[in-house]
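Coordinate inspection notes
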Amino acid sequence: MGTSQSREGQDFTDSDEEYQSEEEEEEEIHDADERQATPQSTTSTPTKKAIDEIDSKLKSLKLKYADAKPQVLPNRAVKLYLHIGGNTPNAKWVISDKLTSYNFVKTCKIDGDSDDDDEYGGGANSFWILKVASKVRARVSSEMQLKMFGDQKRVDFVSNGVWALKFYTDDEYRKFVSQFQDCLFENVYGIEAIEANKLKIYGKDFMGWIKPEIADDTMWEDAESDASAEKSSPFRLNQDLTEEFEEVANGGVQSLTLGALDNSFLVNDSGVQVYRNYSKGIHGKGVSVKFDNKDGSSPLKSTPKKAMLMRGETNMMLMSPLKEGNPHSTGIQQLDIETGKVVTEWKFGKDGTEITMKDITNDTKGSQLDPSESTFLGLDDNRLCQWDMRDRGGIVQSIGGDSPVLNWSQGHQFSRGTNFQCFASTGDGSIVVGSVDGKIRLYSKSSMRQAKTAFPGLGSRITHVDVTYDGKWILGTTDTYLILICTLFTDKDGKTKTGFGGRMGNKIPAPRLLKLTPLDSHLAGVNNKFHGGHFSWVTENGKQERHLVATVGKFSVIWDFQQVKNTAHECYRNQQGLKSCYCYKIVLKDESIVESRFMHDNYAVSDSPEAPLVVATPMKVSSISLSGKRKQG
């Protein structure tokens, strides 16, 4: 296990005010080295020999102050830097091009040169790219992970390596950032980045998303005050992470299911492994439930990708995809954990027709602890519903076989266009749904037919969504960033509510984005995407989630929730556009991580600010504690 603190944000050491040729710079460095190596004279009067040496040195430099002409900078002038050495002790920035220029070009392909751009640019399938001399040619997208350093007049980004552009004037820096954001908007939505089109995409109620500089941050500031009232010790960036347990997990791990009571579970290709919950993490019990019928065959068509605890954590619902790469399923299996048997295989059906589901979740954040629980929520591309395992009037229905059909208790089948992807429930049963187009919709516990609030997408699909127990905060996961949304608003009577309970009006706070630095994103690998962003886990009113965690490649990335909410946080200074937070800790494993989750708040001990973090890879499971070192005296 390791932690990472990126060095890419360090200031450059070259002069920002002198634009020398490479020969002049080398001569100056050589001269400076000689001066450092020559002992200083102990007399105040220089000797004739010393004067002659100085005169000779000045002549050798061929200084021409009278003839020197001010350097004329080209249009869009920048210095180009390349980061080398990765995260090794020898990592550093080097000058790739001391004086060059950049340009945004519309073209139909990434590979090519300026002639190709002239030939193919402007077509129906064209898009904006960033070109810097002949060394950088990148499609403008969130995958570039552009990071701004306004105080340094600099941006960093990823494009087959980690690069930085250093601008000579503040105006040029700001012009670049604005143009990049306009090109990004056009690449995402296919329309020009003018205000009328932005209003068309986001809606008039989301002016703070279009122009974050005018956004009402009152709710973020109020939340900061609430968070500061927490008695628990705050997370610190220099806080230690201690690996308590690491165990081999029999291989093929597909999912991690944490229990709030005694046990947690890993699902792999052959069955369910049972782990005991402790204050320092989870530890294997040596117990495994096999997916076998009496004749030795498996009752499951494929390895379950989703496991959900129910009925006081004595039962587990397992959902297997129809085929690899397809998340849809026609039914679920009910596993009795105490006996280790699949007791029922349920079908999804509506009005006598078999249907599919893409995801399932508990009715509320804590309902898996209810021994009498018989209902749960289901989601498909255009369906949101509640399923009931109790028989209608004692009659078990079936569709094309002996498997009982779940009772469609309530819900709605939308005609088209919702493209639901993932969902989660609050402590009171309200529902948040993420979509392929990036939209996030809020449904009250009383109605699944119409969303109370719909947040616009930022151009990236939501692959996972989570919500705090009180419903005040939503965390959406995309491939390249996390989006944190505040749902609080003040109604016409002056009461503070969440967007699950009513329309939020036109003072909706702008979201925060949680990102990797360009260097960490590059180290994570081009094919590795964020997945499974979660809040820490509480199931009690008045308790506040303290951390956020997500996975990308071999990294588990941890953010301090209170720090992210703080409007005065240093990450947010000198930024244009939506505020992005880059302050996190990384847990590094030796293979790609399946899932990272914080244990239930029940397992947070007195000297730690958080319950342990559990990290599952295909072959191992680890438990990590956040130390709660206290100041002495």
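Computed from a predicted structure; not experimentally measured. (Residues numbered from 1 in each chain as written. Predicted model: local features only at pLDDT ≥ 70, side-chain atom pairs only at ≥ 80, totals over all residues. Heavy atoms only, no water.)

This paragraph deals with helix α4 (residues 170–189). In a regular helix each residue adds 1.5 Å, so 20 residues correspond to 28 Å; α4 covers 29 Å between its end C-alpha atoms and thus fits that length. Of all the residues in α4, the buried ones are Glu172, Tyr173, Phe176, Val177, Phe180, Cys183, Phe185, Glu186 and Asn187. The first or second residue beyond α4 is glycine 190, which carries a positive phi of 75 degrees. (Helix = DSSP H or I, 4+ residues; strand = E, 2+ residues; numbered from the N terminus. Expected span 1.5 Å × (residues − 1). Buried < 20%, exposed > 50% of the residue type's maximum accessible area, 1.4 Å probe, protein only.)

Moving on, we come to the packing of aromatic side chains. Applying the stated criterion across every chain yields a total of 23 aromatic pairs. Centre to centre, the rings of phenylalanine 206 and phenylalanine 455 are 6.0 Å apart; their planes meet at 75 degrees, and the pair counts as edge-to-face. Placement of phenylalanine 206 in the loop between α5 (195–202) and α6 (207–210) and of phenylalanine 455 in strand β26 (residues 453–455) is noted, with a sequence separation of 249 residues between them. A relative accessible area of 7% places phenylalanine 206 in the buried class. Ring geometry for tryptophan 559 and tyrosine 584: centres 5.6 Å apart, planes at 65 degrees, overall edge-to-face. Here the residue tryptophan 559 occupies a position in strand β35 (residues 555–560), and tyrosine 584 occupies one in the loop between β36 (580–581) and β37 (585–588), the gap between them amounting to 25 residues. On the accessibility criterion, tyrosine 584 (3% relative accessible area) is buried. Taken together, the ring pairs in this structure connect Tyr102, Phe104, Phe167, Tyr173, Phe176 and Phe180 into an aromatic cluster. Here the basic side chain of arginine 512 rests over the ring of tyrosine 572, its NZ or CZ set 5.2 Å away from the ring centre. Lying across the ring of phenylalanine 561, lysine 565 places its NZ or CZ 4.0 Å from the centre. (Phe/Tyr/Trp six-rings, centres within 6.5 Å; stacked < 30°, edge-to-face > 60°. Lys NZ or Arg CZ within 6 Å of the ring centre and 35° of its normal.)

Moving on: the sheet that holds strand β20 (residues 375–380). Across the sheet, four strands lie side by side as β19-β20-β21-β22; this open sheet has antiparallel pairing. With one partner strand each, in any of the chains shown, β19 (359–362) and β22 (407–413) form the two edges of the open sheet. Looking at each pair of strands side by side, their axes are set apart by 20 degrees on average, direction ignored. In the sheet, β19 pairs with β20 via four bridges, with the strands oriented antiparallel. The residue bridging aspartate 359 from the neighbouring strand is leucine 379, located in β20. (Pairing = 2+ DSSP bridges. Axes fitted to C-alpha atoms, helices over the stretch in contact; angles between N-to-C directions.)

Enumeration over the complete set of coordinates arrives at 23 salt bridges. Glutamate 246 is paired through a salt bridge with lysine 589; the nearest N and O atoms lie 3.0 Å apart. Taken together, the positions of glutamate 246 in strand β8 (residues 241–248) and lysine 589 in the loop between β37 and β38 (595–598) put the pair 343 residues apart, joining distant regions of the chain. Take glutamate 246: its relative accessible area is 39%, and that puts it in the partly exposed class. Residue arginine 546 pairs with glutamate 610 through a salt bridge whose shortest N-O separation is 3.9 Å. (Salt bridge = Lys/Arg side-chain N within 4 Å of Asp/Glu carboxyl O.)

Quick look at the environment of serine 372 now. Take serine 372: it is sitting in the loop between β19 and β20. Assessed through its relative accessible area of 57%, serine 372 is described here as exposed. Reaching out from serine 372, the side chain makes a polar contact with the side chain of aspartate 370 at a distance of 2.9 Å. (Polar contact = N/O pair within 3.5 Å; in protein donor to acceptor, adjacent residues only side chain to side chain.)

Orientation of α4 relative to α5, taken along the N-to-C sense of each, is 50 degrees, at an axis distance of 12 Å. Considering the angle they form, α4 stands oblique to α5. Handedness of the crossing formed by α4 with α5: left-handed. Contacts between α4 and α5 involve Asp182, Phe185 and Tyr189 from the first element and Asn197, Lys198, Ile201 and Tyr202 from the second. Across the contact of α4 with α5, the residue classes tally to four nonpolar, one polar and two charged. (Parallel < 35°, antiparallel > 145°, perpendicular 65-115°, else oblique. Left-handed = near helix turned anticlockwise from the far one by under 90°. Contact = heavy atoms within 4.5 Å. Nonpolar A, V, L, I, M, F, W, Y, C, P; charged D, E, K, R; others polar.)

Let us now look at unusual backbone geometry. Of note in this structure, glutamine 145 is not a glycine but carries a positive phi near 55 degrees. Within the secondary structure, glutamine 145 sits in the loop between β4 (136–139) and β5 (147–149). Given the relative accessible area of 6%, glutamine 145 is considered buried.

This part takes up the side chain of arginine 546. Structurally, the position occupied by arginine 546 is in the loop between β33 (530–535) and β34 (547–552). Within the structure, the side chain of arginine 546 is placed 3.4 Å from the side chain of aspartate 601, a separation counted as a polar contact.

Moving on, we get to the confidence of the model for the chain. Looking at the chain as a whole, the pLDDT averages 83, with 79% of positions reaching at least 70. Every residue in residues 227–238 is under pLDDT 50, and counting partners more than four places away or in other chains gives 20 contacts. (pLDDT = per-residue confidence, 0-100.)

Bringing the pairing of strand β1 (residues 77–84) into the picture now. A large share of β1 lies buried, amounting to six of its eight residues. In this sheet, strand β7 (residues 162–167) lies alongside β1 in antiparallel orientation, the contact comprising five bridges. Paired with tyrosine 81 across the two strands is alanine 164, which belongs to β7.

The next thing to look at is α5. Within the sequence span of α5, burial applies to Asn197, Lys198 and Tyr202. One face of α5 carries all of its buried residues, which in axial projection span an arc of 120 degrees. Opposite the buried face of α5, at more than 90 degrees from it, the exposed residues are Ala196 and Lys200. Note on α5: the residue one or two positions beyond its end, glycine 203, has a positive phi of about 95 degrees. (Arc of directions from axis to C-beta.)

Okay, the state of the cysteines next. Inspection of the entire model under this criterion finds zero disulfides. You can see cysteine 581 has no disulfide; the closest cysteine sulfur is in cysteine 571, sitting 4.4 Å from it. (Disulfide = S-S within 2.5 Å.)

Another point: the pairing of β34. Burial analysis of β34 places six of its six residues in the buried class, which makes it a mostly covered element. A two-sided burial pattern is seen for β34, the buried positions comprising His547, Val549 and Thr551 on one face and Leu548, Ala550 and Val552 on the other. Here β33 runs beside β34; their pairing, made up of four bridges, is antiparallel. Bridged to phenylalanine 535 within β34 is leucine 548. As defined by bridge partners, β34 adjoins β35 across six bridges and the pair is classed as antiparallel. When the bridges of β35 are listed, valine 552 appears paired with phenylalanine 555. In this antiparallel pair of consecutive strands, β34 and β35, the connection spans two residues, and glycine 553 shows a positive phi of 60 degrees.

With that settled, consider the environment of lysine 439. Inspection of the secondary structure assignment puts lysine 439 in the loop between β24 (431–435) and β25 (440–443). Dropping the residues within four chain positions of it, lysine 439 is found in contact with Val433, Gly434, Phe455, Pro456, Gly457 and Ile462.

What follows concerns the side chain of glutamate 247. By the element assignment, glutamate 247 lies in strand β8. Here glutamate 247 sits buried without a salt bridge, and the closest side chain of opposite charge, arginine 276, lies 12 Å off (N-O distance). A distance of 3.3 Å separates the side chain of glutamate 247 from the side chain of histidine 283, its partner in a polar contact. In contact with glutamate 247, not counting residues within four places along its chain, are Tyr275, Ile282, His283, Gly284, Met619, Lys620 and Val621. (Lys, Arg positive; Asp, Glu negative; His and termini not counted.)

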